[in-house]
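Structural overview for review
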Amino acid sequence: MTDSHPYLDLSEDILAARNDRKPIVALESTIISHGMPYPKNVETALEVEATVRKHGGVPATIAILNGRLKAGLSVEEIEQLGRAGTAITKVSRRDIPFVVARRHHGATTVAATMFIAHKAGIKVFGTGGIGGVHRDAPTTMDISADLPELAQTDVAVVSAGAKSILDLSLTLEYLETHGVPVIGYRTSEFPAFFTRQSGLEVNYRLDSPDAIAAAMRAKWEMGLSGGLLVANPIPEAAALDKKWIDVVIDQAISEAAGRGITGKEITPFLLSRIEHLSKGKSLEANIQLVLNNVVLATKIAKAYQQLLAE
Ligand code: PSU
Ligand code: MN
């Protein structure tokens, strides 16, 4: 079914949720196809959706299917993306028109998911980690399209910070330059995905979903466009040992450099090597932090809906 946009299909669920002003949470699909191995990816995607529902929200997993931008997927569609894995095109902002024109399928990154969520009127998006400025960016200029998307698209993204496959300090500098606020949820430190600490500070510490929703409303009501990054640390019990995971990450990065991997392949390559080298420990941590993030995203979506209804 189409709703006011010639390229976009909202599922029945999402259309109904919009009409009833229910809190909707956007979810990305690159994490399914390129971020985790099958069948854990599908199990996790379905558990993530169930978690949003359990907390009173409506999940909108976002992807491109047969050239249509989709917000709200069926279980079969999620299974299809997860089973195909890296055979599905990883779609960031620049790729969207080509996958659409060819009527192909695409798994959307944080950037592409934000773009589609915004078109669908969805303001909150929960994921694992965002892309950022790569460690070798001063020479390669490898900066994820997720960052300029955060600078321009009005969606709040809840993530567990970013992995130290990236230069976290440069990532925060980029966000500052482009006016993207970084909010620490109940922390003043920017979390490093697998660990709660990075040694770097967030811009604002906020301790409640209501406070985050109030900042979103103020920002957008005054026409100050662009997203917000909500950094939610991994639960203590799921966090990995920093020294140990740093060794794993360094090894994955040197393997990527040795094989000359660049461009859009690098992030999926690093994620899968880290998973392999950590013997699945990183995958378990990844799943736990995503679940934690979508709980917070649902609470923020609820708080934001309530504010708008006042
Ligand atoms: N980081 C993760 N897990 C992921 C990704 C990044 O810890 O699944 C995915 C997300 O879809 C993100 C994308 O938007 O990788 C970034 O890719 P790139 O660095 O090529 O922009
Ligand atoms: Mn890149």
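Worth saying up front: this structure is predicted, and the values here are computed from it rather than measured.

A few words now on the overall build of the protein. From N to C terminus, the protein includes 13 helices and 11 strands. Relative to the 2.2 N^0.38 estimate, which gives 19 Å for 310 residues, the radius of gyration of the protein is 18 Å and therefore close to what a compact globule would have. Dimensions along the principal axes, computed over C-alpha positions, put the protein at roughly 50 × 40 × 35 Å. Each of the 310 residues in the protein was classed as buried or not, and the buried ones make up 55%. For the protein, the proportion of contacts with a sequence separation of at least 24, taken over those separated by at least 6, is 74%.

A volume near 690 Å³ is recorded for the largest pocket. In terms of lining, the largest pocket is formed by 34 residues, of which the most central are Lys-90, Thr-109, Ser-144, Asp-146 and Thr-267. Sorting the residues of the lining of the largest pocket by element identifies helix 2 (30–33) and helix 12 (266–277) as the ones contributing at least two each. For the lining of the largest pocket, a count of residues per class yields 11 nonpolar, 14 polar and nine charged.

Look at helix 10 (residues 209–221): 18 Å from first C-alpha to last across 13 residues, which is about the 18 Å you get at 1.5 Å a residue. Within helix 10, the full set of buried residues consists of Pro-209, Ile-212, Ala-213, Met-216, Lys-219 and Trp-220. Along the long axis of helix 10, the arc covered by the buried residues comes to 125°, so they all point the same way. Packed against the buried residues of helix 10 are strand 7 (124–126), strand 8 (156–159), strand 9 (182–185), strand 10 (204–206), strand 11 (228–231) and helix 13 (281–309).

The full set close to ligand 1 counts 15 residues, and Glu-28, Lys-90, Ser-144, Asp-146 and Lys-163 are the nearest of them. Separating an oxygen atom of ligand 1 from a side-chain N or O atom of Lys-90 is a distance of 2.7 Å. Asp-146 is positioned with one of its side-chain polar atoms (N or O) 2.7 Å from an oxygen atom of ligand 1. In the complex, 93% of the free accessible area of ligand 1, which totals 470 Å², lies under the protein chains. Given that more than half its atoms are within 2 Å of the pocket grid, ligand 1 belongs to the largest pocket. Elements with a minimum of two residues in the shell around ligand 1: helix 2 and helix 12. Its residues placed into classes, the shell around ligand 1 shows four nonpolar, seven polar and four charged.

With that out of the way, let us pick up the pairing of strand 3 (residues 58–65). The buried count for strand 3 comes to eight of eight residues, which makes it a mostly enclosed element. Along strand 3, one buried face is formed by Val-58, Ala-60, Ile-62 and Ile-64 and the opposite face, lined by Pro-59, Thr-61, Ala-63 and Leu-65, is buried too. Looking at chain direction, strand 2 (residues 24–27) and strand 3 are connected through four bridges and run parallel. Bridging from a neighbouring strand, Leu-27 pairs with Thr-61 of strand 3. Inspection of the sheet shows strand 3 paired to strand 4 (residues 68–71) by four bridges, in the antiparallel sense. Across the sheet, Ile-62 pairs through a bridge with Ala-71, a residue of strand 4. Turn length for the strand 3-strand 4 hairpin, with the two strands adjacent in sequence and antiparallel, is two residues, and the turn residue Asn-66 shows positive phi of about 50°. Relative to strand 6 (residues 106–108), strand 3 runs antiparallel, the two sharing two bridges. The residue bridging Ile-64 from the neighbouring strand is Gly-106, located in strand 6.

Scoring rules and cut-offs
Residues numbered from 1 in each chain as written. Chains lettered and ligands numbered in written order. Predicted model: local features only at pLDDT ≥ 70, side-chain atom pairs only at ≥ 80, totals over all residues. Heavy atoms only, no water. Helix = DSSP H or I, 4+ residues; strand = E, 2+ residues; numbered from the N terminus. Rg over C-alpha atoms; globule rule 2.2 N^0.38 Å. Buried < 20%, exposed > 50% of the residue type's maximum accessible area, 1.4 Å probe, protein only. Contact = heavy atoms within 4.5 Å. 1 Å grid on protein atoms, 1.4 Å probe; cavity = no way out; pocket = protein on both sides within 12 Å on 5 of 7 lines; lining within 4 Å. Points joined across faces, edges and corners; volume = space filled by probe spheres on them. Nonpolar A, V, L, I, M, F, W, Y, C, P; charged D, E, K, R; others polar. Expected span 1.5 Å × (residues − 1). Arc of directions from axis to C-beta. Near = heavy atom within 4 Å. Polar contact = N/O pair within 3.5 Å; in protein donor to acceptor, adjacent residues only side chain to side chain. Areas by Shrake-Rupley, 256 points an atom, 1.4 Å probe, with all protein chains shown as cover. Sits in = over half its atoms within 2 Å of the grid points. Pairing = 2+ DSSP bridges.

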